[in-house]
Number of protein chains: 2
Amino acid sequence: MAESGLTSGTRPGAENLLFLTDDQLRRGIEAMFFAYRGFTADPDRILAEKSYGRAHHRALHFIHRSPATTVNNLLDILGVTKQSLNRVLRTLIDDGLVESKVGQKDRRERHLFLTDAGRDLERVLSEAQRKRMRAAYREAGPEAVAGFQQVLQQIMDPRLREHFEQLKDAP
Amino acid sequence: MAESGLTSGTRPGAENLLFLTDDQLRRGIEAMFFAYRGFTADPDRILAEKSYGRAHHRALHFIHRSPATTVNNLLDILGVTKQSLNRVLRTLIDDGLVESKVGQKDRRERHLFLTDAGRDLERVLSEAQRKRMRAAYREAGPEAVAGFQQVLQQIMDPRLREHFEQLKDAP
DNA sequence: TTGGAAAGTCAACAAGGCTGACATAAACTG
DNA sequence: CAGTTTATGTCAGCCTTGTTGACTTTCCAA
């Protein structure tokens, strides 16, 4: 049943390229669209209560992942302008969720850290997101998860894939 | 699950749950974030040239997929307010990419269709998106693609999954 | 010492979400 | 038939989050 459901009874041989039909690609595109909505739904609800937005979540996430990261590095990861990021960072700093420390080696740079309160919010947000992912992973099983990761990695722009890989090796 | 155990050789036993660690989940979350950026990058570039946005693309896509769809159905799929959709639809209709026809059975409804010009733009946008997906699929291989679809489907909200399934069976 | 990088800020704007209020036409219901 | 509900459209105003451009301050490095 699993087999026929996945491959319609055909074996994935070298010549079997049905998974590359426009129809299969369309299904993948629509799946990405609908899944991304679910992916962001739970954090979005929590953020709305606190009058924050997705942009704040992203900043919290990547500062959490890479403590002491610089503004420039964050700009590169997030792919927005410094004005856009600054607005978000400003509110997070003013609200005491993020701390900005002048660099020791290069005192022009600012190194970003989560405060205790910042870590708290980050934990609530990411746990909500993980909960859904965990359920999805469990339903789909480890092999599906491996495929999921592989395809997503290929969809990324090479420059972003580097960031992704770098984060993989973070402590 | 029992079946995937049979076909894969990995039994989802108590000890083999490493794919559910918080670290694996975090990797999946970041992969979704970076991949979605790539996913939208190519259409976004084309849309920007024509002063359209992602919202226009979404409308074109789903009208293309479900010709004669009603405004209400589109609202449900897209998950935005009618005011938001109307703004987008208005420009598409004014620009001659979408046609709105009064319903025959129920004359309160409007049925939406792409014009030739609308189909042209939809084709350009979706081909750009498919190109990237095709390359990703080819690199990852059919088994990975199957897993990719499975996990995405599980991430969706149930209500959206129904829409997704319904589109699967469309002509 | 000076050029340029890093960061921050101000102003203005746009897309695309949202709410609320209201209008119209058509269908449905008692 | 009168009243209600449904589907759609529209106006006005707000918010978040993106953009560009201009400008300043700090300060490293050649």
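Now for a description of the structure that goes with this document.

Conventions we followed
- Residues numbered from 1 in each chain as written.
- Chains lettered and ligands numbered in written order.
- Predicted model: local features only at pLDDT ≥ 70, side-chain atom pairs only at ≥ 80, totals over all residues.
- Heavy atoms only, no water.
- Near = heavy atom within 4 Å.
- Polar contact = N/O pair within 3.5 Å; in protein donor to acceptor, adjacent residues only side chain to side chain.
- Salt bridge = Lys/Arg side-chain N within 4 Å of Asp/Glu carboxyl O.
- Helix = DSSP H or I, 4+ residues; strand = E, 2+ residues; numbered from the N terminus.
- Buried < 20%, exposed > 50% of the residue type's maximum accessible area, 1.4 Å probe, protein only.
- Least-squares fit on C-alpha atoms with pLDDT ≥ 70 in both.
- Contact = heavy atoms within 4.5 Å.
- Pairing = 2+ DSSP bridges.

## Focus: the protein's contact with DNA strand C
Then, in step 1: Surrounding DNA strand C, one finds 25 residues, the nearest of these being Lys82 of chain A together with Gly53, Arg58, Thr81 and Arg87 of chain B.
Then, in step 2: Near-protein atoms of DNA strand C (within 4 Å) split between backbone and bases, with sugar and phosphate holding 56%.
Then, in step 3: The contact in question runs from a phosphate oxygen of DNA strand C to an N or O atom on the backbone of Arg110 of chain A, over 3.5 Å.
Then, in step 4: Lys105 of chain B has a polar backbone atom sitting 3.4 Å from a phosphate oxygen of DNA strand C.

## Remarks on the pattern of salt bridges
Then, in step 1: Going through the model one piece at a time under the given rule, you end up with 34 salt bridges over all chains.
Then, in step 2: Where Asp22 of chain A meets Arg134 of chain B, a salt bridge forms, and the shortest distance between an N and an O atom there is 3.3 Å. Taken together, the positions of Asp22 of chain A in helix α2 (residues 22-49) and Arg134 of chain B in helix α6 (residues 116-140) put the pair across two chains.
Then, in step 3: Residue Asp22 of chain A is classed as partly exposed on the basis of its relative accessible area of 42%.

## Here's the deal with the relation of the copies chain B and chain A
Then, in step 1: Of the transformation placing chain B onto chain A, the axial shift is 0.0 Å and the rotation is 180 degrees, giving an RMSD of 0.1 Å. Both copies of the chain, as the preceding transformation shows, are related through a two-fold rotation axis. Distance from the rotation axis, computed per C-alpha, reaches its smallest value in chain B at Phe148 of chain B: 1.9 Å.
Then, in step 2: The fraction of interface residues of chain B whose copies in chain A are also interface residues reaches 94%, indicating that both copies meet through the same surface.

## Details of unusual backbone geometry
All names here are of chain B.
Then, in step 1: In the Ramachandran plot, Ser51 falls in the positive-phi region, its phi being about 50 degrees despite a non-glycine side chain.
Then, in step 2: By the element assignment, Ser51 lies in the loop between α2 (22-49) and α3 (54-65).
Then, in step 3: Positive phi, normally seen in glycine, also occurs at Ala68, with a value near 75 degrees.
Then, in step 4: Note on placement: Ala68 falls in the loop between α3 and β1 (69-70).
Then, in step 5: On the accessibility criterion, Ala68 (28% relative accessible area) is partly exposed.

## Side note on the environment of Ala140 of chain B
Then, in step 1: Structurally, Ala140 of chain B can be placed in helix α6.
Then, in step 2: Considered as a pair, Ala140 of chain B and Gly79 of chain B are 61 residues apart in the sequence and their alpha carbons are 31 Å apart.
Then, in step 3: Excluding its chain neighbours within four sequence positions, the residues that come into contact with Ala140 of chain B are Gln150 and Val151 of chain A.

## Considering the sheet that holds strand β3 (residues 110-114) of chain A
Residues and elements named next belong to chain A.
Then, in step 1: Across the sheet, which stays open at both edges, the 3 strands sit in the order β1-β3-β2 with antiparallel pairing between neighbours. At either margin of the open sheet sits one strand with a lone partner, and together these are β1 (69-70) and β2 (98-102).
Then, in step 2: In this sheet, β3 lies alongside β1 in antiparallel orientation, the contact comprising 2 bridges. Of the residues in β3, the one forming a bridge with Thr69 is Leu112.

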